[in-house]
Amino acid sequence: MKVAGSAVIGVQRDRVWAALQDPAVLVRTIPGCERLEETGPDTYRMTVNAGVASIKGLYQGEVALAEPRAPESFTLRARGQGAPGTVEATVLVRLSEIDGGTRVDYDADAVIGGMIGGVGQRMLGSVAKRTAGEFFSAVEGHLSAPPPAAQTAPEAAPEAAPEAAPAAPAVYERPPARPAEPRPWALLAAFGMGAAAALAGVAVGRLLGRDTAGRRG
């Protein structure tokens, strides 16, 4: 299945690029994403709550950001599996400057198996584009929000430095106060995110756009 689309984000391209490379942003903005765990450079284990129609479930998978050409383009590769089926997706994401913000174009190529693969390409493509639109809107909302007020912590007495311990893998989780409505995993790819990207996301980044639905009859 191939999905292509675009979105406009009213933020400077450098900031959009940085957001689409930041797992702490992606875990908050990819629809259904619950957790990202770093497994290597720009590579993450992902947990996504997703589905199409009545076929819903928890997916475990991996997502990698590759071939970066800051701040112009990158490739997102994602794969996941769960009770509803399997998904593998490759998404090319391109960012260009426009008046008033950034245009994001994405081209996703996904292979879908299992029960979710029987839903039909037209419906999957429609849901994918809708999910992409939600992802990009969430990214824009995140970048446009005022920064949280700085908090000053009380000074603590100096302590002896402990022995250095091996660095644990970085883990990023969606804040519990922001529940996510289940959406299709495939469109992590279009986020973007994208996946972009994606989701989309990312995604993530560039994973997705707007929607037109209908099942192939």
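Nothing here was measured: the structure is a model prediction, and the numbers come from that model. (Residues numbered from 1 in each chain as written. Predicted model: local features only at pLDDT ≥ 70, side-chain atom pairs only at ≥ 80, totals over all residues. Heavy atoms only, no water.)

1. A short note on the pattern of salt bridges
Inspection of every chain in the model, using the stated rule, returns 10 salt bridges. In this structure, Arg13 and Glu97 form a salt bridge, with 3.7 Å as the shortest nitrogen-oxygen distance. Note that Arg13 is positioned in helix H1 (residues 13-20) and Glu97 in strand S6 (residues 85-98), a separation of 84 residues in sequence. Here Arg45 ties to Glu37 by a salt bridge, and the two come within 3.4 Å at their closest N and O atoms. Because the salt bridges share partners, they merge into one network encompassing Arg35, Glu37, Arg45 and Glu173. (Salt bridge = Lys/Arg side-chain N within 4 Å of Asp/Glu carboxyl O. Helix = DSSP H or I, 4+ residues; strand = E, 2+ residues; numbered from the N terminus.)

2. Quick word on unusual backbone geometry
For the bond running from Ala70 to Pro71, omega is -10°, close enough to zero to count as cis. Mapped onto the elements, Pro71 comes out in the loop between strand S4 (55-69) and strand S5 (73-82). Phi at Asp42 takes a positive value of approximately 55°, unusual for a residue other than glycine. Looking at the element boundaries, Asp42 is found in the loop between strand S2 (33-40) and strand S3 (43-52). On the accessibility criterion, Asp42 (35% relative accessible area) is partly exposed. (Buried < 20%, exposed > 50% of the residue type's maximum accessible area, 1.4 Å probe, protein only.)

3. Regarding the packing of aromatic side chains
Across all of its chains, the model carries 3 aromatic pairs by this definition. Measuring from ring centre to ring centre gives 6.0 Å for Tyr106 and Phe136, while their planes differ by 35°; the resulting arrangement is tilted. Here Tyr106 is found in strand S7 (residues 101-113), whereas its partner Phe136 is found in helix H3 (residues 121-144), with 30 residues between them in sequence. Neither residue differs from the other here; Tyr106 and Phe136 are each classed as buried. Each member of the aromatic cluster is reached from another via a ring pair, and the members are Tyr106, Phe135 and Phe136. (Phe/Tyr/Trp six-rings, centres within 6.5 Å; stacked < 30°, edge-to-face > 60°.)

4. Some points on the nonpolar core
In this structure, Val16, Leu36, Phe74, Leu95 and Phe136 are the most contacted members of the largest nonpolar core, which totals 38 residues. Sorting elements by how many residues they give to this core places H3 first, with 7 residues. (Core = buried A, V, L, I, M, F, W, Y, C linked by side-chain atoms within 4.5 Å.)

5. Observations regarding the side chain of Thr75
Relative to the helices and strands, Thr75 resides in strand S5. According to the relative accessible area criterion, Thr75 is buried, its value standing at 6%. Here Glu67 takes part through its side chain, which lies 3.1 Å from a polar atom of the side chain of Thr75. Once you skip the residues sitting within four places of it in the chain, Thr75 turns out to touch Ala64, Leu65, Ala66, Glu67, Thr90, Val91 and Leu92. (Polar contact = N/O pair within 3.5 Å; in protein donor to acceptor, adjacent residues only side chain to side chain. Contact = heavy atoms within 4.5 Å.)

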